[in-house]
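Next come the chains, spelled out residue by residue.
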Amino acid sequence: MASPTRVASRHVGTLMLSTTGKTLHQDFSCFIPGSVERVERVRNHAFNHYRCRDDALANRMLMNGAMIDGAHVQVSLAKPASMKGGGVPWRLVT
């Protein structure tokens, strides 16, 4: 099981329903090109998966509070699927 210190995924919350995965991929890749492996878009939030943890940490500092499609987004570490508990689809690592 991975520990929270090895998480290389970010939860991105408070998105507009019209925001696409492509938009998120472009916006989160602009500071560190090639850092985002994939984006999983779900309702008004998404999970960005990075090539390495350092890129994920740097992107949090750069993108937390950024305006995307008219919404200020909240960016935080996401727990990997192996660390989920019960029926909770995801939990944030604080």
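Residues numbered from 1 in each chain as written. Predicted model: local features only at pLDDT ≥ 70, side-chain atom pairs only at ≥ 80, totals over all residues. Heavy atoms only, no water.

A word on the confidence of the model for the chain. Averaged over every residue, the pLDDT of the chain is 85; the share at 70 or more is 79%. When pLDDT is averaged over each element of the chain, strand S4 (residues 67-68) comes out on top at 97 and strand S7 (residues 92-93) at the bottom at 52. (pLDDT = per-residue confidence, 0-100. Helix = DSSP H or I, 4+ residues; strand = E, 2+ residues; numbered from the N terminus.)

As a further point, take the pairing of strand S6 (residues 74-78). Extensive coverage of S6 is indicated by the burial of four of its five residues. Note that strand S1 (residues 9-13) and S6 share four bridges and pair antiparallel. Across the sheet, residue Arg 10 finds its bridge partner in S6, namely Leu 77. (Buried < 20%, exposed > 50% of the residue type's maximum accessible area, 1.4 Å probe, protein only. Pairing = 2+ DSSP bridges.)

The biggest cluster of nonpolar side chains holds 13 residues, and the ones touching the most others in it are Leu 15, Leu 24, Phe 28, Met 63, Ile 68 and Val 73. Secondary structure elements with two or more residues in this core: helix H1 (21-29), strand S3 (45-50) and helix H2 (53-63). (Core = buried A, V, L, I, M, F, W, Y, C linked by side-chain atoms within 4.5 Å.)

Phi at Arg 43 is positive, roughly 50 degrees, even though this residue is not glycine. Residue position: Arg 43 is located in the loop between strand S2 (36-42) and S3. Overall, Arg 43 belongs to the exposed group, its relative accessible area being 66%. One non-glycine residue with positive phi stands out, namely Asp 69, at about 50 degrees. You can see Asp 69 is positioned in the loop between S4 and strand S5 (71-72). Taking the relative accessible area as the measure of exposure, Asp 69 reaches 41% and is therefore partly exposed.

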